[in-house]
Amino acid sequence: MLQLLLNAHRLKCTPRTGWVTRGVADAESVADHCFGVAFISLTLAEMVDRPIDKAKLLTIALLHDLPESVISDLPTPAAVHFPPGAKRKAEAEALNELLNGLPCAEYWHSWWQEFEDGTSIEGQLVRDADRLDMLIQAHVYEQTTGNRWLEEFWPPSEDLSFEFSAAQALYDELRVLRQRPT
């Protein structure tokens, strides 16, 4: 368990490389992002009119990028140059390695897979939260740094859909806020 905690601690100093490659100085860490995803997930759970296992939800949110403590944060533009499924396979293997021998390994890995596949309400909600956190962070960077190299993070509304209407509503509100003059 201590080794898992030490490995997870690396996420505090693993930068989100998508921001770095777009000129964001002092980019958030993967751990910063995981906190944002967990908090947005918890918030969305309050807005969704369906039963949600919040312990499972928060576990998935905290685990969703844990493999990056081993393989680092591979931004999408880089990952497209790997064979199909290679990044996902590497992340699954890294998670297996991280959780090896722990009593929680089987269900934590299963829940992580539900996030990857979007096969549970909790996994789907965390997927929405993951995308919302990235968009909120893009907005914050644009506002605080003036960095306009982040336009690619803002696909047209019709090209970006969320599983839950609450997440879609927050995204739509964020797009309106982004268009307001500062």
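Overview of the structure.

What counts as what
Residues numbered from 1 in each chain as written. Predicted model: local features only at pLDDT ≥ 70, side-chain atom pairs only at ≥ 80, totals over all residues. Heavy atoms only, no water. Helix = DSSP H or I, 4+ residues; strand = E, 2+ residues; numbered from the N terminus. Buried < 20%, exposed > 50% of the residue type's maximum accessible area, 1.4 Å probe, protein only. Phe/Tyr/Trp six-rings, centres within 6.5 Å; stacked < 30°, edge-to-face > 60°. Lys NZ or Arg CZ within 6 Å of the ring centre and 35° of its normal. Contact = heavy atoms within 4.5 Å. Polar contact = N/O pair within 3.5 Å; in protein donor to acceptor, adjacent residues only side chain to side chain. 1 Å grid on protein atoms, 1.4 Å probe; cavity = no way out; pocket = protein on both sides within 12 Å on 5 of 7 lines; lining within 4 Å. Points joined across faces, edges and corners; volume = space filled by probe spheres on them. Core = buried A, V, L, I, M, F, W, Y, C linked by side-chain atoms within 4.5 Å. Salt bridge = Lys/Arg side-chain N within 4 Å of Asp/Glu carboxyl O.

Observations concerning unusual backbone geometry
No. 1: A positive phi angle, close to 55 degrees, is found at D26, a residue other than glycine.
No. 2: Relative to the helices and strands, D26 resides in the loop between α2 (17–20) and α3 (30–47).
No. 3: If you check the backbone angles, S72 has positive phi at about 75 degrees while not being a glycine.
No. 4: Position of S72 relative to the elements: it lies in the loop between α5 (68–71) and α6 (76–79).
No. 5: Classification of S72 by relative accessible area gives partly exposed; the value is 33%.

A short note on the packing of aromatic side chains
No. 1: Considering all chains together, one arrives at five aromatic pairs under this definition.
No. 2: Centre to centre, the rings of F35 and F39 are 6.0 Å apart; their planes meet at 20 degrees, and the pair counts as stacked. Linking F35 with F39, this pair stays in helix α3, spanning four residues, or about one helical turn.
No. 3: Pairwise contacts between aromatic rings join W19, Y141 and F153 into one cluster.
No. 4: In this structure, R127 packs its charged tip against the face of F115, placed 5.7 Å from the ring centre.
No. 5: Between R131 and the ring centre of F162, over which it is positioned, the NZ or CZ distance is 4.5 Å.

What about helix α4 (residues 54–63)?
No. 1: For α4, the set of buried residues is K56, L57, T59, I60, A61 and L63.
No. 2: Buried residues belonging to α4 abut α3, α8 (105–117) and α9 (121–145).
No. 3: For α4, the N-terminal cap is D53; the gap from its side-chain oxygen to the backbone nitrogen of A55 is 3.1 Å.

Overview of the layout of surface pockets
No. 1: What the largest pocket holds in volume is close to 1000 Å³.
No. 2: Lining the largest pocket we find 33 residues, and of these T76, K87, D130, R131 and M134 sit closest to its centre.
No. 3: Only α2, α6, α7 (86–99), α8 and α9 provide two or more residues apiece to the lining of the largest pocket.
No. 4: The greatest single-element share of the lining of the largest pocket, amounting to six residues, is contributed by α9.

Concerning the nonpolar core
No. 1: Within the largest apolar cluster, 33 residues are counted, with the highest numbers of intra-cluster contacts made by W19, L44 and L125.
No. 2: Within the residue set of this core, elements represented by two or more residues are α3, α4, α8, α9 and α10 (165–179).
No. 3: Of all the elements, α9 adds the most residues to this core, at eight residues.
No. 4: In contact with L125, other than residues within four places in its own chain, are S41, L44, A45, V48, I52, L57 and F164.
No. 5: Residues L4, L95, L98 and A105 belong to the second largest nonpolar core, which totals 14 residues.

Observations regarding the side chain of D73
No. 1: The topology assignment puts D73 in the loop between α5 and α6.
No. 2: The contacts of D73, once residues within four sequence positions are left out, are T14, P15, R16, T17, G18, V30 and E68.

Observations regarding the pattern of salt bridges
No. 1: Tallied over the full model, the rule gives twelve salt bridges.
No. 2: For the salt bridge of K87 with E91, the shortest nitrogen-to-oxygen distance reads 3.8 Å. Of this pair, K87 and E91 both sit in helix α7, four residues apart, which is roughly one turn of that helix.
No. 3: The exposure class assigned to E91 is buried, which follows from its relative accessible area of 9%.
No. 4: Note that E116 and R88 form a salt bridge whose closest N and O atoms lie 3.3 Å from each other. Residue E116 is located in helix α8, and its partner R88 is located in helix α7; the two are separated by 28 residues in the primary sequence.

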